[in-house]
Amino acid sequence: MSKPQCHVAIIGAGLGGLAAAIGIARAGHKVTIIEQATALGEVGVGIQIPPNSSRILRRYGLLNKIEAVSARPKDFILRSYKDGAMLSRQNMLPYAVNTYGNPYLHIHRADYHKILAQEAHRLGVSIQLGSTVTAINFETPAVHIKGKLDFRADIVVGVDGLKSLTGDLAYRIVVKAEDMVTHENPRELVNNPAINYWMGLNAHAVCYLLKGGGLYNIVLACPDNLPELVNTQAADIQEMRDFFAKWDPRLKTLLSIVQETSKWRLQNSEEMKKWSHPSGKFALLGDACHATLPYLAQGAAMAVEDGAVLGTLMEKLGDKAQLKDVLVIYEKLRKERTTHVVKSSRSRTS
Ligand SMILES: Cc1cc2nc3c(=O)[nH]c(=O)nc-3n(C[C@H](O)[C@H](O)[C@H](O)COP(=O)(O)OP(=O)(O)OC[C@H]3O[C@@H](n4cnc5c(N)ncnc54)[C@H](O)[C@@H]3O)c2cc1C
């Protein structure tokens with residue numbers, strides 16, 4: 001008996017939406033992504049790809065492309081915020097591969113997004129840009145799009161991210177490595193590819209190289225002072241420098257190089273009762289159902305895992321009537337694990 005081909009509508013073309021599209025399209029199904037933005041892209045900062053994610057990217061045949069534009073940290077270095085003294089050092093380079101069989105990588109988000117989008121296109125995924133979803137009919141199912149005709153599919157997957165409030169924000173910064181090496185004290189950070197993690201009171205800093213060592217990614221997490229309902233805005237560089245003024249002199253020099261930065265409210269969701277609708281025709285995926293604080297670098301990795309699980313289940317589909325069961329099993333397989341990651345990340349709140 002030939003397998004049925006389903007049409008899956010995915011709302012959102014972020015890293016989660018694209019990864020899910022790849023997983024589902026690889027299982028032989030038709031996928032349309034509906035995205036409100038008018039152009040595809042990610043913010044110009046870095047992201048860590050842990051081995052649980054690189055394992056799936058390898059299975060998708062994308063790891064070589066990803067590695068070609070990534071940096072590999074040699075060490076994970078935990079530092080005192082005051083003077084930068086090394087508190088612990090974990091060797092990452094053989095550790096990740098020896099322990100998990102796959103690498104730990106640092107990549108520019110735009111590169112990651114582009115590689116996933118290219119692969120989605122190659123697999124025949126259609127992406128409808130400039131389409132803002134305003135409502136969903138869960139029974140049909142149909143997606144209502146602002147100013148356009150309703151879109152119908154066999155199932156709809158909501159991967160539209162989440163906005164909820166917590167007590168931290170992050171400054172997200174990228175500086176050129178060539179601007180760092182002219183200063184003596186941050187030079188060592190460029191010469192030794194590592195995740196440098198400064199722990200302080202109510203705040204921490206995480207830094208790593210991108211683009212084969214050409215860029216340095218800096219994330220500074222500290223208490224949230226963004227206005228209500230504002231999730232991201234351009235930041236006052238002096239305010240940022242003042243907050244970290246008493247930290248490791250290397251970090252201070254690094255921040256003196258920064259030309260511009262933005263503040264992002266860090267998001268963390270409470271565990272939802274259900275991810276799927278009783279109609280069996282709608283489910284959530286990625287940040288939309290398990291937004292996590294970035295302190296374990298696992299948010300996008302969890303979305304990539306979600307997509308791989310959903311794709312694998314859809315590969316087994318023998319009849320469209322089983323779609324409801326697929327969504328129930330997907331939720332059962334993913335909810336506990338993602339809740340554990342969200343809670344573990346929260347327990348690391350600075
Ligand atoms: C500072 C920081 C550092 C991080 N570092 C890491 C890391 O190192 N490793 C890691 O794995 N994760 C990390 N994360 C988490 C990661 O960025 C997110 O988990 C991931 O990007 C979520 O992807 P998503 O596709 O679920 O959601 P999003 O990226 O939010 O994508 C949602 C998409 O849906 C679209 N959309 C929204 N509403 C609508 C609508 N109504 N109609 C149509 N389209 C819509 C949006 O335009 C967007 O394109 C970090 C997060 C932060 C804030």
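Attention here is on the structure that accompanies the text. Fair warning: this is a prediction, and the values are worked out from it, not measured in the lab.

**Points about the sheet that holds strand 15 (residues 203–210)**
Strands pair in a sheet through their backbones, by hydrogen bonds, and they do so in one of two ways: parallel or antiparallel.
Moving on, step 1. Strand order in the open sheet formed by 8 strands is 6-5-14-15-16-13-18-17, with mixed pairing between adjacent strands. Of all strands in the sheet, those with a lone pairing partner are strand 6 (86–91) and strand 17 (232–234), marking the two edges. When the angles between neighbouring strand axes are averaged without regard to direction, this sheet yields 15°.
Moving on, step 2. Of the pairings in the sheet, the one linking strand 14 (residues 194–200) to strand 15 comprises 5 bridges and is antiparallel in character. Along strand 15, the bridge assignment pairs Y197 with V206.

**Looking at the pairing of strand 18 (residues 262–265)**
Moving on, step 1. Where strand 13 (residues 168–176) meets strand 18, 4 bridges bridge the pair, whose relative direction is antiparallel. Note on strand 18: the bridge partner recorded for Y171 is K263.
Moving on, step 2. Bridge analysis of strand 17 against strand 18 gives 3 bridges, and the strand direction is antiparallel. Paired with T232 across the bridge in strand 18 is W264.

**Some points on the site of the ligand**
Moving on, step 1. Around the ligand, the surrounding shell holds 29 residues, and the nearest of these are G16, E35, Q48, R109 and D287.
Moving on, step 2. Contact distances for the ligand include 3.3 Å between a nitrogen atom and a backbone N or O atom of A297.
Moving on, step 3. Relative to its free-state accessible area of 1,000 Å², the ligand is covered by the protein chains to the extent of 85%.
Moving on, step 4. Of the residues contributing to the shell around the ligand, the split by class is 12 nonpolar, 12 polar and 5 charged.

**Concerning the environment of A288**
Moving on, step 1. Tracing the backbone shows A288 in helix 10 (residues 287–290).
Moving on, step 2. Under the relative-accessibility criterion, A288 is labelled buried at 7%.
Moving on, step 3. Through-space distance from the C-alpha of A288 to that of D319 is 28 Å; in sequence the pair is 31 residues apart.
Moving on, step 4. Once residues within four sequence positions are removed from consideration, A288 is found in contact with G158, V159, D160, G161, L162 and M272.

**Here we look at the state of the cysteines**
Note on terminology: disulfide describes a covalent bond linking the sulfur atoms of two cysteines.
Moving on, step 1. The full count for this structure, using the stated rule, is 0 disulfides.
Moving on, step 2. No disulfide involves C222; its sulfur sits 13 Å from the nearest other cysteine sulfur, which is in C207.
Moving on, step 3. Residue classification places C222 among the buried residues on the basis of a relative accessible area of 3%.

What counts, and at which threshold
- Residues numbered from 1 in each chain as written.
- Predicted model: local features only at pLDDT ≥ 70, side-chain atom pairs only at ≥ 80, totals over all residues.
- Heavy atoms only, no water.
- Pairing = 2+ DSSP bridges.
- Helix = DSSP H or I, 4+ residues; strand = E, 2+ residues; numbered from the N terminus.
- Axes fitted to C-alpha atoms, helices over the stretch in contact; angles between N-to-C directions.
- Near = heavy atom within 4 Å.
- Polar contact = N/O pair within 3.5 Å; in protein donor to acceptor, adjacent residues only side chain to side chain.
- Areas by Shrake-Rupley, 256 points an atom, 1.4 Å probe, with all protein chains shown as cover.
- Nonpolar A, V, L, I, M, F, W, Y, C, P; charged D, E, K, R; others polar.
- Buried < 20%, exposed > 50% of the residue type's maximum accessible area, 1.4 Å probe, protein only.
- Contact = heavy atoms within 4.5 Å.
- Disulfide = S-S within 2.5 Å.

Just geometry here; none of it tells us what the structure is for.
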